[in-house]
Every structure is written in C-alpha cells, then in structure tokens.
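Here is what each chain is made of, one letter per residue.
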Amino acid sequence: MLVEKNVPLQSFNSFGILAKALSMLRVRSDADVDALLSNPSLKAVPKFVLGGGSNIVLTGDVKALVLKVEIMGKQLVGETAKAWIVEAGAGENWHELVRWTLESGYPGLENLALIPGTVGATPVQNIGAYGVELQDRFDSLDAIDLVSGQHFTLSAAQCAFGYRDSVFKHQSIDGEGGKPGFGLAGRALITRVRFSLPKNFKPILGYADIEKKMAQSGWNAAAGAPSAMQIFEWICEIRQAKLPDPKVIGNAGSFFKNPTVSLEQCADIIQREPKIVHYPLVDGTVKLAAGWLIDACGWKGKSIGKAGVYERQALVLVNRGDRANPVTGGEVMTLAKAIQTSVYERFGIMLEPEPVVV
C-alpha cells in the first residue's frame, strides 16, 4: 500500500482545474481498502473517493486522503429469463462499458452513451439521458463502509434512487438534532456495479433530438425499430454536436439539474414564457429544461473570468483558460451563482448544481 504525496489533480478532474491531493491512495482491489482500514494511522483520517473526476469542482487542494478508484474488470455474471446481468469494476470508463455491452450483445445502456466518468460514480448520481436512468438498468452493487470496514451489497431499493440522487448523496446524520439518517455520503466506497440488461429489447426513442437524427438518417417505420447499436451511434453524434469534449475544453457536463415544478407553476410560467421547454412527468409534475432557462437569461457564450457558458449548450460551464493558466474553482462557482440568481429573479426557480464542490 503506497500513499502518494502532493499528487497533481489537474488530469484527474474533467474541468482541468489546478489542485493537488496532499495524499492519495490508488484503490485497485477490495484488499487495498481492507489494508487501508486496518492501518490505525489512516483509518481515522478524512477520506475523499475519486472516480473519473467528471462531476467535481475543485476549489483548492484536497486535504482529505484521496482514494483514487481503479478497480477494473467487466463480465457477464448471470442471467434470468428476462435479463442478462453484467458486472463492472468501479474504475471502468462508463462509455467504454456501454460500448462493450452492445458489442457483446447486451442492449439497454445505449441511451447513456458518452456520459463521462467511471462506473462507480453512476449509481451515486443516478445518471440519465434521453429517457433512460441508471435505476432502470440497475441490479445491485458492492461497496465497503469506510468507517466500519464492512463489505456490503445494495439493491436498487436500498440505493434510494431519485432524480440525480441516491443514498450516496445524503449524510448518515441528517443535521437536525444529530438524528441518524439513511445516507452513505462520504462513507461508502463502491467497488463493483451490476446491471440488468433486458433480453426483450425495446428502443427508447421519444426525444426530439433522436427523432431528428432518425429523420436525417432516412429511418422510418417501414425500416423497423433501430438496433441498440444504431441508437448508440446516434446518441454519440448528438452529444458530440452539442457538448464539448473534456479533453479539448474542460467541463463537468451538465452543471445544473433540470428543475421540476407543479402543473400550476408550469402554467404560470408558460403564460409569461410560451416557448419554455418542458416535459410532463408521470407523477403529475413538470420537468423544465435548465439549459433553456439559462439561455433565456442571456448567459449562453458569456464568461466570468476564465469560466464560461458553452456556446452550443447553456447547461454546460467550461474552462476558457489553458493548461498552464486554467479556470479556478472559485471562478466556476462565481459564474454558477450568478446564473442561479438570474434564473431565480426571472422565473422564481433556484437551479441546483449537479457537480460536487470540493
């Protein structure tokens, strides 16, 4: 077990922010975590779990012990009458896993193509795109409690999935009178995730971007349903046209969650803003497109310092600096707060950031 000191984190966060880990341990197996927790000098220190770094904003050097998750491997581990069960190590690249499942004949993750990050982060955020959320394809996961050292497995119900939410984003103490809560934030290190991929494949196509891509490709009902691999390719083309590649322009993907409002709130906004992009949900609420709200406030293409709003998609904040003089976490959060204020003043809606601020 080698604890590295003063490790540069610029290449370990997709924004490309300059910062360092005062100490870092690369986790490549369960045994690495067990060894860490059996070391009296390390067990009690604060810890920060780092996957692909695609959903964080670093505002300074990380003083906690950084656990860089690099557990690899992907395989079919079982099947039922209705589904294949695929398992992947938490350190695997998410997009490459999606590609591998399709090439191996296991459809179901194609709508989640090109979402940045690693497998271990996907249940934390309950990632989603184009009509599919991780919870729709989730089977179970393995994790280790960084306090007790206990190894445990969670089902979908135990993960308490919500919109970009899970048990891993809530504290174990709820903060009100110090009462115990249900959360595992900062406490669990996910080691492996299993996915339930349907044998009876049904493409999910009900999004304007996908329908437009189908039309451009000359696809129609007579051609039958597109294959999972065809949808994967369309999703990749859509995302590449709209979103910047973090390897070229630093970013953390969608920076704000799409807010949900009541039907009454939505009707009130529509009276003032008839063109607002909105999606009715099955629970009777309405999801609003955060990118549209930001764009309507005039932020697309604007900057504060070296933090900017991407010209093609207002939901994405980007690094307008270079590698030697990149954006700072402070600039990113200043821009984010200015956007929140603008949207709130115009629409009465407070946008909630998706990335973790460290």
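Reading the values: the criteria
Residues numbered from 1 in each chain as written. Predicted model: local features only at pLDDT ≥ 70, side-chain atom pairs only at ≥ 80, totals over all residues. Heavy atoms only, no water. Axes fitted to C-alpha atoms, helices over the stretch in contact; angles between N-to-C directions. Helix = DSSP H or I, 4+ residues; strand = E, 2+ residues; numbered from the N terminus. Parallel < 35°, antiparallel > 145°, perpendicular 65-115°, else oblique. Left-handed = near helix turned anticlockwise from the far one by under 90°. Contact = heavy atoms within 4.5 Å. Pairing = 2+ DSSP bridges. Salt bridge = Lys/Arg side-chain N within 4 Å of Asp/Glu carboxyl O. Buried < 20%, exposed > 50% of the residue type's maximum accessible area, 1.4 Å probe, protein only. Polar contact = N/O pair within 3.5 Å; in protein donor to acceptor, adjacent residues only side chain to side chain. 1 Å grid on protein atoms, 1.4 Å probe; cavity = no way out; pocket = protein on both sides within 12 Å on 5 of 7 lines; lining within 4 Å. Points joined across faces, edges and corners; volume = space filled by probe spheres on them. Nonpolar A, V, L, I, M, F, W, Y, C, P; charged D, E, K, R; others polar.

Points about the packing of helix α3 (residues 94-103) against helix α7 (residues 228-242)
Here is step 1: Contact geometry of α3 with α7 gives a least axis separation of 10 Å together with a crossing angle of 155 degrees. By the angle class used here, α3 and α7 are roughly antiparallel. Between α3 and α7 lies a crossing whose hand is left-handed. Residues His95, Val98, Arg99, Leu102 and Glu103 of α3 pack against Ala228, Met229, Phe232 and Cys236 of α7.

Observations regarding the sheet that holds strand β15 (residues 278-280)
Here is step 1: Taken together, 3 strands build an open sheet; the order of strands is β14-β16-β15 and the sheet is antiparallel. What marks the edges here is a single partner per strand, and that holds for β14 (260-261) and β15.
Here is step 2: Examined bridge by bridge, β15 and strand β16 (residues 286-288) share 3 bridges and lie antiparallel to one another. Each residue of the ladder has a partner; that of His278, found in β16, is Leu288.
Here is step 3: Sitting on the sheet, helix α8 (residues 263-272) is in contact with β14, β15 and β16, with an inclination near 45 degrees to β16.

Looking at the pattern of salt bridges
Here is step 1: Applying the stated criterion across every chain, the model contains 20 salt bridges.
Here is step 2: Salt-bridge contacts for Glu96 lead to Arg99; the nearest nitrogen and oxygen are separated by 3.6 Å. With Glu96 and Arg99 both in helix α3, this residue pair falls 3 residues apart, about one helical turn.
Here is step 3: Residue classification places Glu96 among the partly exposed residues on the basis of a relative accessible area of 40%.
Here is step 4: Owing to a relative accessible area of 29%, Arg99 belongs among the partly exposed residues under this scheme.
Here is step 5: When salt bridges with common partners are traced through the structure, they connect Asp30, Glu87, Asp142, Arg192 and Arg194 into a single cluster.

Notes on the environment of Asp139
Here is step 1: Its location among the elements puts Asp139 in strand β10 (residues 138-145).
Here is step 2: Not counting residues up to four positions away in its chain, the partners in contact with Asp139 are Ile85, Ser155, Ala156, Arg194, Phe195 and Ser196.
Here is step 3: Engagement of the side chain of Asp139 in a polar contact is seen with the side chain of Ser140, the distance being 2.9 Å.

A short note on the layout of surface pockets
Here is step 1: If you add up the space inside the second largest pocket, you get close to 160 Å³.
Here is step 2: Taken together, Asp209, Lys212, Lys213, Gln216, Glu237, Ile238, Ala241 and Lys242 make up the lining of the second largest pocket.
Here is step 3: Listing elements by their share of the lining of the second largest pocket, those giving two or more residues are α6 (208-216) and α7.
Here is step 4: Across the lining of the second largest pocket, the residue classes break down as 2 nonpolar, 1 polar and 5 charged.

Observations regarding the sheet that holds strand β19 (residues 316-319)
Here is step 1: In spatial order, the strands read β13-β19-β18-β17; together these 4 strands make up an open sheet with antiparallel pairing. Pairing within the sheet leaves two strands with one partner each, and these edge strands are β13 (251-254) and β17 (303-304).
Here is step 2: Relative to β19, β13 runs antiparallel, the two sharing 2 bridges. Pairing of Asn251 across the sheet is with Val318, part of β19.
Here is step 3: Where helix α10 (residues 329-347) meets the sheet, its contacts fall on β17, β18 (307-309) and β19, and the angle it forms with β18 comes to roughly 40 degrees.

Points about the side chain of Asn319
Here is step 1: Considering the arrangement of structural elements, one finds Asn319 in strand β19.
Here is step 2: Separated by 2.8 Å, the side chain of Asn319 and the backbone nitrogen of Gly321 make a polar contact.

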